[in-house]
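Survey of secondary and tertiary structure
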Amino acid sequence: MEHEEIEVKYHVDDPPGLRQRLAAAGAVSSGRVFEKNIRFEDAGNSLIRQKALLRLRQDNRNVLTFKQALDKGDNQFKIYREIETEVGDFEATGRILESLGYFPCQVYEKYRETFLVPGAVICLDTMPYGDFLEIEADKGLIRELTDRLGLDWNKRILATYLGLFEHVRKAACLPFTDLTFDNFRNVRFDFTAIWKRFEQGEG
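Residues numbered from 1 in each chain as written. Predicted model: local features only at pLDDT ≥ 70, side-chain atom pairs only at ≥ 80, totals over all residues. Heavy atoms only, no water.

With that settled, consider the overall build of the chain. Helix and strand counts for the chain stand at 6 helices and 8 strands. The order of helices and strands in the chain, counted from the N terminus, is β-α-β-α-β-β-β-α-β-β-β-α-α-α. Computed over the C-alpha atoms, the radius of gyration of the chain is 17 Å, within 12% of the 17 Å expected from 2.2 N^0.38 for a compact globule of 203 residues. For the chain, the C-alpha atoms occupy an extent of roughly 50 × 40 × 35 Å along the three principal directions. Split into buried and exposed, the 203 residues of the chain put 46% on the buried side. Taking as baseline every contact in the chain between residues at least 6 positions apart, the subset at least 24 positions apart corresponds to 63%. When the accessible surface of the chain is split by element, carbon and sulfur atoms take 49% of a total near 10,500 Å². Taking the average place of the 29 positive charges on the side chains of the chain and the average place of its 34 negative ones, the gap between the two points comes to 3 Å. (Helix = DSSP H or I, 4+ residues; strand = E, 2+ residues; numbered from the N terminus. Rg over C-alpha atoms; globule rule 2.2 N^0.38 Å. Buried < 20%, exposed > 50% of the residue type's maximum accessible area, 1.4 Å probe, protein only. Contact = heavy atoms within 4.5 Å. Areas by Shrake-Rupley, 256 points an atom, 1.4 Å probe, with all protein chains shown as cover. Lys, Arg positive; Asp, Glu negative; His and termini not counted. Charge placed at Lys NZ, Arg CZ, Asp CG, Glu CD.)

Set out below in structure tokens:
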């Protein structure tokens, strides 16, 4: 499946309260899953230089995804070209990618609860460094849902989770590059200033 992905995300201070607002807005949960993602790169790091992502994801299914940022002169939304397909064997798919010259360069994890409303997919994500909400829909519906959920449009974040992690890693002088819950188990750091900077449009 190939499509144009349009989305924004918000840092969430009160996940239970937001979950209540989602229910009041008519959003229906399709369940919460744990995700393991492996990012692949080539020897020249050409994917990241092209603002592209090659990812193998495992939750209750296995999905191979290619994403690339689209520069449409729009600083209001995060817009990506996304191609993804479900695959049968997680380990075998990884070996195929390695045989084609790609290597696993980063692991990142999250817990994701997906909510559905007509025309939109809303994800409440627990990352190792905090909680976030992603809204994927057309531009008008994203603005409408932002208002219905009581979110501040001026606090939207357009950076990716891995982009945020790079700033987190540098600010906290973290010695690891994998975004996993085990790695963050003993991390004690106030990331508030980072979220505020990205809510103001950085990245």
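Under the counting rule described, the total for this entry stands at 14 aromatic pairs. Plain terms: the ring middles of Phe34 and Phe181 are 6.5 Å apart, the flat faces sit at 45° to each other, and that makes the pair tilted. Here Phe181 lies in the loop between helix H5 (161-171) and helix H6 (192-199) and Phe34 lies in strand S2 (residues 28-41), a separation of 147 residues in the sequence. Since its relative accessible area comes to 34%, Phe34 is described here as partly exposed. For Phe181, a relative accessible area of 23% corresponds to the partly exposed category. Taking 6.1 Å as the distance between ring centres and 55° as the angle between the ring planes, the aromatic pair formed by Phe165 and Phe184 counts as tilted. With Phe165 in helix H5 and Phe184 in the loop between H5 and H6, this pair connects stretches of sequence that are 19 residues apart. An aromatic cluster is present here, built from Tyr129, Phe132, Tyr161, Phe165, Phe176, Phe184, Phe189, Phe191 and Trp195 joined pairwise through their rings. The aromatic ring of Tyr80 is capped on one face by Lys67, whose charged end is 5.4 Å from the ring centroid. Its end group placed over the ring of Trp153, Arg143 keeps NZ or CZ at 4.2 Å from the ring centre. (Phe/Tyr/Trp six-rings, centres within 6.5 Å; stacked < 30°, edge-to-face > 60°. Lys NZ or Arg CZ within 6 Å of the ring centre and 35° of its normal.)

All right, on to the packing of H5 against H6 then. Put simply, H5 and H6 touch, their axes get as near as 10 Å, and they point 140° apart. Classified by chirality, the crossing of H6 by H5 is right-handed. Seen from H5, the contacting residues are Leu164, His167, Val168 and Ala171; seen from H6, they are Ile194, Trp195, Arg197 and Phe198. Split by residue class, the contact of H5 with H6 holds 6 nonpolar, 1 polar and 1 charged. (Axes fitted to C-alpha atoms, helices over the stretch in contact; angles between N-to-C directions. Left-handed = near helix turned anticlockwise from the far one by under 90°. Nonpolar A, V, L, I, M, F, W, Y, C, P; charged D, E, K, R; others polar.)

Moving on to the nonpolar core. Within the largest apolar cluster, 24 residues are counted, with the highest numbers of intra-cluster contacts made by Leu22, Ile122, Leu133, Ile135 and Ile142. Of all the secondary-structure elements, those providing two or more residues to this core are strand S1 (2-12), helix H1 (15-24), strand S6 (103-117), strand S7 (120-127), strand S8 (130-136) and helix H4 (139-148). Among residues more than four places away in sequence, those in contact with Ile142 are Ile6, Glu7, Val8, Phe77, Ile135, Ala137 and Trp153. One finds Leu162, Leu164, Ile194 and Phe198 within the second-largest nonpolar core, a separate group that totals 22 residues. (Core = buried A, V, L, I, M, F, W, Y, C linked by side-chain atoms within 4.5 Å.)

Should their charged atoms come close, side chains of opposite charge can pair. Under the defined criterion, the tally for this structure stands at 15 salt bridges. Residues Arg81 and Glu2 are paired through a salt bridge, measuring 2.9 Å at the closest nitrogen-oxygen approach. Within this pair, whereas Arg81 is found in strand S5 (residues 78-87), its partner Glu2 is found in strand S1, the two being separated by 79 residues in sequence. A residue is classified by how much of its surface remains accessible, and Arg81, at 32% relative accessible area, is partly exposed. Using a relative accessible area of 51% as the deciding quantity, one classes Glu2 as exposed. In this structure, the salt-bridge partner of Glu82 is Lys67, at a minimum N-O distance of 3.8 Å. You can see Glu82 sitting in strand S5 and its partner Lys67 sitting in strand S4 (residues 62-69), a full 15 residues away along the chain. Of the two residues examined, Glu82 and Lys67, each falls in the buried class. (Salt bridge = Lys/Arg side-chain N within 4 Å of Asp/Glu carboxyl O.)

The values reported here are purely geometric and, on their own, carry no functional implication.
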